[in-house]
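# Secondary and tertiary structure notes
So the chains spell out like this:
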Amino acid sequence: MSDDEQEQTIAEDLVVTKYKMGGDIANQALRLVVETAKPGVSVLSLCAKGDAYIMAETGKVFKKEKEMKKGIAFPTSVSVNNCVCHFSPLKSDPDYTLKDGDLVKIDLGVHVDGFIANVAHSFVVGATKENPITGRKADVIKAAHLCAEAALRLVKPGNQNTQVTEAWNKISQSFHCSPIEGMLSHQLKQHIIDGDKTIIQNPTDQQRKDHEKAEFEVHEVYAVDVLISTGEGKARDGGLRTTIYKRDPSKQYGLKMKTSRTFFSEVERRFDTMPFTLRAFEDEAKARLGVVECAKHELLQPFSVLHEKEGEFVAQFKFTVLLMANGPHRITSGPFDPEVYKSEHEVQDPELKTLLQSSASRKTQKKKKKKASKTAENATGQPAEETEAAE
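The sections below set out a description of the structure shown in this document. Please read these numbers as outputs of a predicted model, since none were measured by experiment. (Residues numbered from 1 in each chain as written. Predicted model: local features only at pLDDT ≥ 70, side-chain atom pairs only at ≥ 80, totals over all residues. Heavy atoms only, no water.)

### Structural notes on the packing of aromatic side chains
Rules: Stacked, tilted and edge-to-face are the three classes assigned to paired rings of Phe, Tyr and Trp, where Trp is represented by its six-membered ring and a pair needs centres within 6.5 Å; plane angles under 30 degrees give stacked, over 60 edge-to-face, the rest tilted. We count a stretch as a helix when DSSP gives it H or I for four or more residues in a row; a strand needs E for two or more, and each element gets its number in order from the N terminus. Relative accessibility under 20% of the residue-type maximum defines a buried residue, over 50% an exposed one, and the middle range a partly exposed one, all with a 1.4 Å probe and only protein chains included.
Evaluated as defined, the whole model comprises 10 aromatic pairs. Centroid distance Phe 317 to Phe 336: 5.5 Å. Interplanar angle 90°. Geometry classified as edge-to-face. Here Phe 317 is found in strand β14 (residues 314–324), whereas its partner Phe 336 is found in the loop between β15 (327–330) and α8 (350–357), with 19 residues between them in sequence. Phe 317 gets classed as buried once you look at its relative accessible area, which sits at 6%.

### A few points about the environment of Ser 77
Applicable threshold: When checking whether two residues touch, look at their non-hydrogen atoms; a contact exists if any pair is within 4.5 Å.
Looking at the element boundaries, Ser 77 is found in strand β1 (residues 70–80). When its relative accessible area of 0% is taken as the criterion, Ser 77 is described as buried. Beyond its immediate chain neighbours, meaning those up to four positions away, Ser 77 contacts Cys 47, His 86, Phe 87, Ser 88, Lys 105, Ile 106, Asp 107 and Ile 244.

### Quick word on unusual backbone geometry
Not every positive phi belongs to a glycine, and His 86 is a case in point at roughly 70°. On the secondary structure map, His 86 appears in the loop between β2 (83–85) and β3 (103–112). Since its relative accessible area comes to 15%, His 86 is described here as buried. Non-glycine residue Glu 298 carries a positive phi angle of around 60°. Position of Glu 298 relative to the elements: it lies in the loop between α7 (284–296) and β12 (300–303). We classify Glu 298 as partly exposed; its relative accessible area is 45%.

As far as function goes, none of this settles anything; it's purely spatial.
Structural data, given as structure tokens:
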């Protein structure tokens, strides 16, 4: 986007339409991958299936706009059990076959004209209402899901990013779990998956000092990403090959190798600044070779495959939310059934309990608004007009 172009935001109806189109495709791709994820199915086949679906469906929208970029905004990743994120193997990599009882996290993203809709979802293979999950897997999925639900109610104009961080810490503690240290949820802008404003999870003292406090504002968009572990919440690079990268537009370097130059020009042409997988290249061997020099000189940023300690479980939920003038609007989410996960723990904090019991639907809020304006004044100490304006 050139400097003289004005940034397009969700104040414009067409931008909202593009976000929602991407959101619908992301939700459908997610459901397809979840339904296919049965015992004996390989992770590679799930990643390929998710990506192929996104490409096919985005190819059907805005067909007349030949110049419009659309497609994958984050390649399908399927990270199992103690693998935290970004596992999306190549055909030449060791694959993983799903088993009954595996805790699976599916993460993917779609964009239409650079407007990004990200989603991630966790579930246990083979879990049903008749065969519910208990113990630590249930604890961590329940904790992560409630963290996402709390964030849906907290990420709204006037609130601070630190409020979300604190809520996540408290909810995780109730389930004897920990958020993965230092993970960030980003503001989204056109063509930008890692905008300036962020929400940090479980920061170290140093990260807490360095992390910028920010207030959510109307017409912003966020990808709210929750990653919770049954362990200490420390994610490490487990030594698996990085397969997902994105272009860092702030970096320039004259590549020496012809293979690197060919590879890089294809990255710029096909993906621009969106994350992509090396699987998307016809010649995987050449892509594996070409990426080395590009990554070494930081033209590309890696999305490393991270792991928690062996034997621990990590759950993830991610949704994209548009902060509309009439309230937050979640455009992506997965098929979560709370009856399948039975934890003996629950949220203890009275304020958070009240928050989680409050409705996140805008229709319900409108009905309750008149009735609640007086109560809100008593509860928040703010006059009702302000409470209304904040919704």
